[in-house]
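# Per-entry structural report
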Amino acid sequence: MATAEDKNINALKSFMQESKTKDHPDSQLISILHKAQELYGYISQEVMNEISKEMNIPTAHIWGVATFYHYFNLKPKGKHSISVCLGTACYVKGAEEILNTIREELKIDFGQTSEDNFFTLQEARCLGACGLAPVIMIDDKIYGSLTPKKVVEIIKSYKK
Amino acid sequence: MITIFINDKPYQVEPEQTIMQAADRLGFHIPRLCYHPKLSIEGACRVCIVEVVGMRNYVASCAYPVSEGMKIYTNTEEIRRARRDIVELILDNHPEDCHTCERDGNCELQRLAFAMGIRKRHFEGEKKHYEKDLSSASVIRDPNKCILCGRCVRICSEIQKVNALGYAHRGFKTVVMPAYNMPFKDSVCTTCGQCINVCPTSAFIEKNFTQELFQKLGDKSLIKVAQIAPSVRAAIGEAFALEPGRQLEKELTAALRKLGFDYVFDTQFSADLTIMEEASEFLERFQGKGKLPMITSCSSAWMKCLEQFYPDLIDNVSTCKSPMSMASALIKTYFAKKIKADPKKILSVACMCCTAKKYEALRPELMVDGMQATDMVITTRELAWMIKSAGIDLLHIKGEEFDHPLGYSSGAGTIFGVTGGVMEAAIRTAYELYTGETLLDIEIQDIRGLKGIKEGKLIIDGKEIRVAVAHGLGNANEILSAIRTDPERYHFVEIMGCPGGCIGGGGQPYAGSNSMPLDEECLMKRAEALYGLDRNKTIRRSHENPDVQRLYKEFLGRPLGAVSHKLLHTHYSPKEPRGIVPAELTVK
């Protein structure tokens, strides 16, 4: 039986094989990194080593690209991701207070994952729900008209 | 030819070149920083901007091509101010600690700031605060000093094809670092030190042993023994403001004694010894005992490169230690016995043109009777500093001779420092060992000079021997790739890690205010200094060195014998992380 790990690496490898048949195989790196993140949720050193070997690209170069783009996660993400909207409307309505509450509650900052691997904190610029400001989004669900007290309750509800 | 106008005067220049190239040939030196003639154009620093009439913005002259009728201004008040602002902005994020910096007085950024007329600071920028990476045996990386010109990244990927360095993160947080920000020592870095040579500041410097050495030189319980590599004598004068090309062999010997060394030996002696072993090894392999082509093993950056990038070729590489390590092994055995001293009381110091030798000295494979054979390695730069710091007048000192029994060398040992030299020396000896006849034409021009890859053929006893020489690990890659596909192509291959061979080593004096690092003219002059020493010697073949002959008679027995095997030979093994040499970028 193939493990999930085997499955992922096989999928990544066949994606790389396919990339090599494209017009400029050496410029496929970003799409390969996207694929890796899609499969694993983040891009580990081991995965970058695999890409290096398979695509014949030095690791220092891959590391440069992976660290350049904020989109790429180099550490595993938590089970749920919390995006705090810091758009103008939310900001005016007290997003900073909401953010500080989450920071204190989970002891993490933007881009970090809580110790129990439950939450990853992200920054967002307008989630298109300004009428509900201030809002946060946990995974795909929007929570609006927040107060610090409400946020703490919402976070706790996920842990149950 | 096309006509361009520089500062209102017309000039006829070749098309197909950049403004900077055209200006250089016409005697206009446009200030520059990230540009290096041997590296790809980065256009990152913007210091070389000029005004081109009709262009909305100033253009980077290193990257912009000339065209018919182009009107260029290099030195208007506005351009001067813009350039000065650019350099000031670079300085704003730079730690202003010049007076305690290793490159004080030798720093391109400092020189540039002076030339731009920066006498007052207008801005105070945010400083960078990063840990120095002290992990490598050879090279210290200090991102706080880095101005992101990228020369190190380019030399490492383009000339050396090692790709140990890259840019990570972005914007103000951009840092030049190895993959995964791993300690340098755990990366694919070969410790060649070329990043140090091209760095305009001190973001890369060698691991410095000067203070520790001064201390040890004052320790009366130690017997202090030095050895000097060929290329040190060919270049150290440049650190004393001499023109390149003047060798200071005898002056250096005297200076080392004045610094407190009890014995001063010559690495060229052990280069002769290396040839005895290596030529014999080659002949054995040539006669069917062992793998061909045989590849030389003297260059420590190449040793590390071999184990990480080409582990499949380990059996092709000569088992001979480098001349430094051969000398060190003998200092702690043969020589210690001769002077009836406890080898543990001997401090064996190697003065090298190389940063990688610092790494080599720590290789566990090179231990002799449980002792580190080479206790300390200092570069040409460190030695120059020590001589100045101790108040020794190197240029006017009375020259002295090396000590015996490890100080006399043939001309063959001398040319080890130049690309092609080891091969030439080996041929001089192998030919005569094999045929018993004298090789008349011992200067082998095919493998001299600075061409990246040199090939030659010689006939020994009716059999053709094909040889190849590469200097710089990027050139080496071409030969090694060729060997992988066609192992029969060559019989004997010389590889040196640095451009030009040891004369272009990572430990050589910094380029001065009127020269560039890696300058070919400078390398040629250093080479000529060594070829001149060779020509002036009566004995120019390693096997004719009487002290080498005596050493075999008294101590070693014969080349490749049991004692040689124990003291003069070593082994290599695959090491992690594996290095990758990317294929040339190809556009379909």
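Calculation criteria
- Residues numbered from 1 in each chain as written.
- Chains lettered and ligands numbered in written order.
- Predicted model: local features only at pLDDT ≥ 70, side-chain atom pairs only at ≥ 80, totals over all residues.
- Heavy atoms only, no water.
- Helix = DSSP H or I, 4+ residues; strand = E, 2+ residues; numbered from the N terminus.
- Buried < 20%, exposed > 50% of the residue type's maximum accessible area, 1.4 Å probe, protein only.
- Contact = heavy atoms within 4.5 Å.
- Areas by Shrake-Rupley, 256 points an atom, 1.4 Å probe, with all protein chains shown as cover.
- Lys, Arg positive; Asp, Glu negative; His and termini not counted.
- Charge placed at Lys NZ, Arg CZ, Asp CG, Glu CD.
- Buried area = accessible area lost by both parts, 1.4 Å probe.
- Polar contact = N/O pair within 3.5 Å; in protein donor to acceptor, adjacent residues only side chain to side chain.
- Pairing = 2+ DSSP bridges.
- Axes fitted to C-alpha atoms, helices over the stretch in contact; angles between N-to-C directions.
- Domains from an automatic or database assignment.
- Salt bridge = Lys/Arg side-chain N within 4 Å of Asp/Glu carboxyl O.
- Nonpolar A, V, L, I, M, F, W, Y, C, P; charged D, E, K, R; others polar.

### A few points about the overall build of chain A
A count of helices and strands for chain A gives 7 helices and 4 strands. The N-to-C order of helical and strand elements in chain A reads α-α-α-α-β-α-α-β-β-β-α. For chain A, the spread of C-alpha atoms along the principal axes amounts to about 50 × 35 × 25 Å. The 160 residues of chain A split such that 42% are buried. Partitioning the contacts of chain A with sequence separation of at least 6, the portion at a separation of at least 24 is 60%. Here chain A has roughly 9000 Å² of accessible surface; of this, 51% comes from carbon and sulfur atoms. For chain A, the separation between the mean place of its 19 positive charges and that of its 20 negative charges on side chains is 6 Å.

### Observations regarding the interface of chain B and chain A
Contacts between chain B and chain A engage 21 residues on the former and 21 residues on the latter. Each partner contributes to the roughly 1700 Å² buried at the junction of chain B and chain A, and carbon and sulfur atoms together form 59% of this total. For the interface between chain B and chain A, the tally reads 5 residue pairs in polar contact (both at pLDDT 80 or more). For the side of chain B that touches chain A, the leading source of residues is strand β7 (residues 166–168) of chain B, giving 3 residues.

### Some remarks on the side chain of Ser-231 of chain B
All names here are of chain B. Mapped onto the fold, Ser-231 is located in helix α7 (residues 230–235). Overall, Ser-231 belongs to the buried group, its relative accessible area being 1%. A polar atom in the side chain of Ser-231 sits 3.2 Å from the backbone nitrogen of Ile-503. With sequence-adjacent residues up to four places away left out, Ser-231 is seen in contact with Cys-353, Gly-417, Cys-502, Ile-503, Gln-508 and Leu-530.

### Topic: the sheet that holds strand β13 (residues 346–352) of chain B
The strands making up a sheet are joined through hydrogen bonds of the backbone, oriented either antiparallel or parallel. All names here are of chain B. Read across the sheet, 4 strands follow the order β11-β10-β13-β14 without closing on themselves; strand pairing throughout is parallel. Bordering the open sheet on either side are β11 (263–266) and β14 (376–379), each of which pairs with just one other strand. Neighbouring strand axes in the sheet, compared pairwise and without regard to direction, differ in orientation by 25° on average. For β13 and β14, the ladder comprises 4 bridges, and the chain directions are parallel. Bridge pairing in β14 links Met-352 to Thr-379. Where helix α6 (residues 210–217) meets the sheet, it contacts β10 (223–228), β13 and β14, and its direction lies at approximately 125° from that of β14.

### Re the domain arrangement of chain B
Residue and element names in this part refer to chain B. Examined at the domain level, chain B breaks down into domain 1 (2–75), domain 2 (139–207) and domain 3 (211–395 + 404–507 + 517–568). The C-alpha-based centres of domain 1 and domain 2 are spaced at 28 Å. Facing the 10 residues of domain 1 at the interface are 11 residues of domain 2. In total, about 830 Å² of surface goes out of reach between domain 1 and domain 2, with carbon and sulfur atoms giving 56% of it. Per-residue buried area on domain 1 facing domain 2 is highest for Leu-33, Leu-39 and Glu-42; these three make up 57% of the total on that side. Our count for the domain 1 to domain 2 interface comes out at 1 salt bridge. Of the residues that constitute the side of domain 1 that touches domain 2, the class distribution is 6 nonpolar, 2 polar and 2 charged.

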